[in-house]
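Inside the fold
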Number of protein chains: 2
Amino acid sequence: MRTRPLKVALLGCGVVGSEVARIMTTHADDLAARIGAPVELAGVAVRRPSRVRAGIDPALVTTDATALVKRGDIDVVVEVIGGIEPARSLITTALEHGASVVSANKALLAQDGAALHAAANEAGKDLYYEAAVAGAIPLIRPLRESLAGDKINRVMGIVNGTTNFILDKMDSTGAGYQEALDEATALGYAEADPTADVEGFDAAAKAAILAGIAFHSRVRLDDVYREGMSEVTAADFASAKAMGCTIKLLAICERAADGGSVTARVHPAMIPLTHPLASVRGAYNAVFVESDAAGQLMFYGPGAGGAPTASAVLGDLVAVCRNRLAGGTGPGESAYAALPVSPMGDVVTRYHISLDVADKPGVLAQVATVFAEHGVSIDTVRQQGRQDGDGEASLVVVTHRAFDASLSGTVEALRNLDTVRGVASIMRVEGE
Amino acid sequence: MRTRPLKVALLGCGVVGSEVARIMTTHADDLAARIGAPVELAGVAVRRPSRVRAGIDPALVTTDATALVKRGDIDVVVEVIGGIEPARSLITTALEHGASVVSANKALLAQDGAALHAAANEAGKDLYYEAAVAGAIPLIRPLRESLAGDKINRVMGIVNGTTNFILDKMDSTGAGYQEALDEATALGYAEADPTADVEGFDAAAKAAILAGIAFHSRVRLDDVYREGMSEVTAADFASAKAMGCTIKLLAICERAADGGSVTARVHPAMIPLTHPLASVRGAYNAVFVESDAAGQLMFYGPGAGGAPTASAVLGDLVAVCRNRLAGGTGPGESAYAALPVSPMGDVVTRYHISLDVADKPGVLAQVATVFAEHGVSIDTVRQQGRQDGDGEASLVVVTHRAFDASLSGTVEALRNLDTVRGVASIMRVEGE
């Protein structure tokens, strides 16, 4: 074994960074044996050096992250700051100065992945980011490497623990969205401003990363269709239960049937209780992968948290260190297929539509005609008089598979019918 | 991209080999893009060349596998023959002659892994074997690489599809073992001689491989405690249901609580219906991994079959080819921890014991005394008179956790009690 240590610079020392530092210390011998050389924490860049950090030598702490990544003796920079800047500049500078990079930064990878990969390639260094998607779950490496000889057709998963916690709570207790969000906040599962989670921005970033890897193409955050889950109601869960389903916020990346394009999207969807994703509880994540040869695979585990995310970061750190010792790099960006990303309208899906309609003869015929005019075939209709004497009834329609554009066009046309008083809820149905 | 192709020799062209050859042809462009050079099938060694092989150039087919692996121009040898010989000699010869090796051979890796890894290390070539465990499920690479910065404490899984099909059938239909086995045979899930599957030899080989990787130690097939599932009865399933469990054949690799040794075992066990492994249906496989930092992870997918196994083989082929182009190798054997393997008696587990006893006062006290004398604490006891007037009753005892040696010692002592007419069933309880 080499005795001269590999030097690691840590950018950020919050929940994840402090766990990375802790494990680097407590498991130093194991890491050295697995890498073939010791690894040494050579510097820790933080914003507030005054905060006490147990187990970290104060002499290593600096507020000047740029100087740290420019030092020249750093082998690997671990970036766990998050956000776009200064993370982007620091990673780029680190690569230019000869360091390999391990990042957990989903937002940055989703927005600027291509440029960062190009910088890594230019520098001849590694850029690894297993921790950017689904926390501890090995997912990037299996998609990039284990399935490198297969053709992936679909990646569908629960990739945000906060929203899964909220939806699971609504499902199991009948709570409304706000009540479940409040509990998630109280328990530390949701941030004070939950927008990035509940509006699906976090999941969309992960979908962009997963789609890019799965389809060997470039998929940016802007390419991902996104609907959050803050408008999901207890009534939606009641509708889902009535058809043997539950509701999950899903990230779905698909290859089009003709193979010529791909789509990526994030939205709440009903899935059958028999689907493996339906039983993913609490803040756990799970990702379902469908490929030509392997068939259906699922990866399950904790999607966030300091220690789980640190596990993914350290797995990357070991790989990157091994690559440096061997004088090479691991697989870089693979975007050779260069498949275009189609808009949401081109996605083939199913809708569950709940309508408030006038309770009189002929309404169903009128509604059915609108579906037919848009080329959307109906699977089931359930019609219920409300029995409260106001002359209204509810109509629940589940469609067969159709282009999302046709389905949303149908909904628009239904809104314009005199006999339709309102569209109570629309939800896509997946996993069948 | 390099234009000179990497040459691949395929040893074996059965269910898996023919799929490997087919995908190499149909996905040639994708493989070339992902590797950075074309791959070419340069020879196929088979026993019976007369059998027609669709899509394979007859000029490539040979019965002389040794000459093929000695050719010197072969970059990668893919071994999908199975069994110990001639696979072992061919792999060794291939490595000596400069080829990298991809193997799907669990029996060989479990028996001679250390020697084969040493040969690969000596030759400076790769030996990859993702397909040897759990078919298409990415498992070896996640354990070896993704979790390389973590400390794995437990690997517990369903790693044999045949036995899971049989047990699932018994569970869902109430069928007996023979009936379920007959159906598995008729459907092609079980071989004409099902011994390797139903007696747990196949799962034990996989347990040895998984334990070695997870604990960075050498674990051989002989180190794995093994009980098959051919004696599991419909009555066992009824008992399992009564306590909210089902029965699975599990491979379990554990680090001892003190960290100083490991155990590996295969046996049928009751697991709670709420455990993720309980809902693994049919011939699917799933493996649960517990580690210090990542927590609980699960990997799920098809554990066998031509195409799924070929997916894993081709993932390895891409990695090995990339390594050759870069002039290096991937991670080799990691056995630095050199933890000893403890015998089954040292495993801490729980027993579900069903006794036929005399239906008279004092029996429970007598039985409870035997448990106490062996230091085994009882969790629950259920006593049922048989109501058929023969003076017998049944006693179902579920223990707390104890050393397996204490538990099996207890059972031996119970057998010697006058009032115990017979031990109707013993089953370990896991996953709680």
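Residues numbered from 1 in each chain as written. Chains lettered and ligands numbered in written order. Predicted model: local features only at pLDDT ≥ 70, side-chain atom pairs only at ≥ 80, totals over all residues.

Quick notes on the nonpolar core
Where we set the bar: We call a set of buried Ala, Val, Leu, Ile, Met, Phe, Trp, Tyr and Cys residues a nonpolar core when their C-beta atoms link them within 7 Å. The burial criterion counts other C-beta atoms lying within 10 Å of a residue's C-beta, which is placed from the backbone; the residue is buried at 20 or more, exposed at 12 or fewer, and partly exposed between these limits. Every helix listed is a DSSP run of H or I at least four residues long, and every strand listed is a run of E at least two residues long, numbered separately from the N terminus. Two residues form a contact once the distance between their C-beta atoms, set from the backbone, is within 7 Å.
If you look at the biggest cluster of nonpolar residues, it comprises 300 residues, and the most contacted ones within it are Val313(A) and Val313(B). At 11 residues, the largest contribution of residues to this core is made by helix 10 (residues 201-215) of chain A. Setting aside its immediate chain neighbours within four residues, Val313(B) contacts Val16(B), Val20(B), Val78(B), Val80(B), Val102(B), Ala104(B) and Ala131(B).

Some points on the environment of Ala319(B)
Note on placement: Ala319(B) falls in helix 12 (residues 306-326). Looking at Ala319(B), the number of C-beta atoms within 10 Å reads 26, which means it is buried. Considering only alpha carbons, one finds Ala319(B) and Gly332(B), 13 residues apart in sequence, at a separation of 13 Å. Setting aside chain neighbours within four positions, we find Ala319(B) in contact with Glu145(A), Ala148(A), Tyr128(B) and Gly330(B).

Some points on the relation of the copies chain B and chain A
The following threshold applies: Least-squares fitting of one copy onto the other uses the C-alpha atoms of those residues that reach a pLDDT of at least 70 in both copies.
For the pair chain B and chain A, the relating rotation is 180 degrees, the translation along its axis is 0.0 Å, and the fit reaches an RMSD of 0.0 Å. Overall, the copies show the geometry of a two-fold rotation axis. When each C-alpha of chain B is compared by its distance to the rotation axis, Phe299(B) comes out closest, at 2.4 Å. The overlap is high: 100% of the interface residues of chain B also sit at the interface in chain A, so the same surface is used on both sides.

Digging into the interface of chain B and chain A
The criterion, for reference: Here the term charged refers only to Asp, Glu, Lys and Arg, the term nonpolar to Ala, Val, Leu, Ile, Met, Phe, Trp, Tyr, Cys and Pro, and the term polar to all other amino acids, Gly among them. The criterion for strand pairing is that DSSP finds at least two bridges linking the strands in question.
Facing 45 residues of chain B, the contacting portion of chain A comprises 45 residues. For the side of chain B that touches chain A, the secondary-structure elements that each account for two or more residues are helix 2 (28-35), helix 6 (140-146), strand 12 (295-302) and helix 12 of chain B. Across the side of chain B that touches chain A, the residue classes tally to 27 nonpolar, 11 polar and seven charged. As paired elements, strand 12 (residues 295-302) of chain A and strand 12 of chain B share three bridges and run antiparallel to each other. Its bridge partner being in strand 12 of chain B, Tyr300(A) is matched across the sheet by Met298(B).

Here we look at the domain arrangement of chain A
Short version of the rule: Domain start and end points were adopted from an automatic or database domain assignment.
Each assigned domain of chain A is listed here: domain 1 (6-135 + 306-326), domain 2 (141-302) and domain 3 (344-429). Centre-to-centre, using C-alpha coordinates, domain 1 of chain A lies 52 Å away from domain 3 of chain A.

Thoughts on the environment of Glu130(B)
Here Glu130(B) lies in the loop between strand 6 (127-128) and helix 6. Using a count of 29 C-beta atoms within 10 Å as the deciding quantity, one classes Glu130(B) as buried. With 183 residues separating them in the primary sequence, Glu130(B) and Val313(B) have C-alpha atoms 6.8 Å apart. Not counting the four nearest positions on each side in its chain, Glu130(B) is found in contact with Ser146(A), Pro138(B), Ile140(B), Arg141(B), Ala312(B), Gly315(B) and Asp316(B).

Some points on the sheet that holds strand 1 (residues 6-11) of chain A
Within a sheet, neighbouring strands are paired by backbone hydrogen bonds and run either parallel or antiparallel to one another. Residues and elements named next belong to chain A. If you walk across this open sheet you meet the six strands as 3-2-1-4-5-6, and the pairing is parallel. Two strands close off the open sheet at either side, each with one partner strand: strand 3 (61-62) and strand 6 (127-128). Pairing of strand 1 with strand 4 (residues 76-79), which is carried by four bridges, proceeds in the parallel orientation. Looking at strand 4, one finds that Val-8 is bridged to Val-76.

A short note on the sheet that holds strand 4 (residues 76-79) of chain B
Residues and elements named next belong to chain B. Put simply, the rule reads: Here an axis means a line fitted to C-alpha atoms, over the contact stretch when the element is a helix, while the angle between two N-to-C directions is reported on a 0 to 180 degree scale.
On the basis of which strands lie adjacent, the open sheet formed by six strands has the order 3-2-1-4-5-6 and parallel pairing. Among the strands making up the open sheet, the edge pair consists of strand 3 (61-62) and strand 6. Here strand 2 (residues 39-45) pairs with strand 3 via two bridges, running parallel. The residue bridging Val-44 from the neighbouring strand is Val-61, located in strand 3. Along the sheet, helix 12 makes contact with strand 1 (6-11), strand 2, strand 4, strand 5 (100-103) and strand 6, crossing strand 5 at roughly 170 degrees.

Some details on the confidence of the model for chain A
Test applied: pLDDT is defined as a per-residue confidence score from the predictor, taking values between 0 and 100.
Here chain A shows a mean pLDDT of 94. Residues at 70 or above account for 99%. Here the predicted complex scores 0.95 on pTM and 0.93 on ipTM.

Quick look at helix 14 (residues 404-415) of chain B
Residues and elements named next belong to chain B. This is how it is decided: Multiplying one less than the number of residues by 1.5 Å gives the expected span of a helix. This arc is built from the directions going out from the helix axis to the C-beta atoms.
A rise of 1.5 Å per residue sets the reference length of helix 14, with its 12 residues, at 16 Å; its end C-alpha atoms lie 17 Å apart and thus fit the reference within 8%. Of all the positions in helix 14, only Asp-404, Leu-407, Thr-410 and Leu-414 are classed as buried. Along the long axis of helix 14, the arc covered by the buried residues comes to 120 degrees, so they all point the same way. Where the residues of helix 14 are buried, they touch strand 13 (348-358), helix 13 (363-373), strand 15 (392-399), strand 16 (402-403) and strand 17 (420-429).

Describing the packing of helix 1 (residues 15-26) of chain A against helix 12 (residues 306-326) of chain A
Axis angle and axis distance: for two packed helices, these are the angle between their axes and the distance between the axes, and together they describe the pair. Residue and element names in this part refer to chain A. Stated formally: Any angle from 65 to 115 degrees is called roughly perpendicular, while one under 35 is roughly parallel, one over 145 is roughly antiparallel, and all others are oblique. Crossing handedness follows the turn of the near helix against the far one: under a right angle anticlockwise gives a left-handed crossing, and clockwise gives a right-handed one.
Relative to each other, helix 1 and helix 12 sit at 60 degrees, their axes nearing to 8 Å. Judged by the inter-axis angle, helix 1 sits oblique to helix 12. The two elements helix 1 and helix 12 meet at a crossing, and its hand is right-handed. Together, Val-15, Val-16, Ser-18, Glu-19, Val-20 and Ile-23 of helix 1 and Gly-306, Ala-307, Thr-309, Ala-310, Val-313 and Leu-314 of helix 12 make up the contact between the two elements. Its residues placed into classes, the contact of helix 1 with helix 12 shows eight nonpolar, three polar and one charged.

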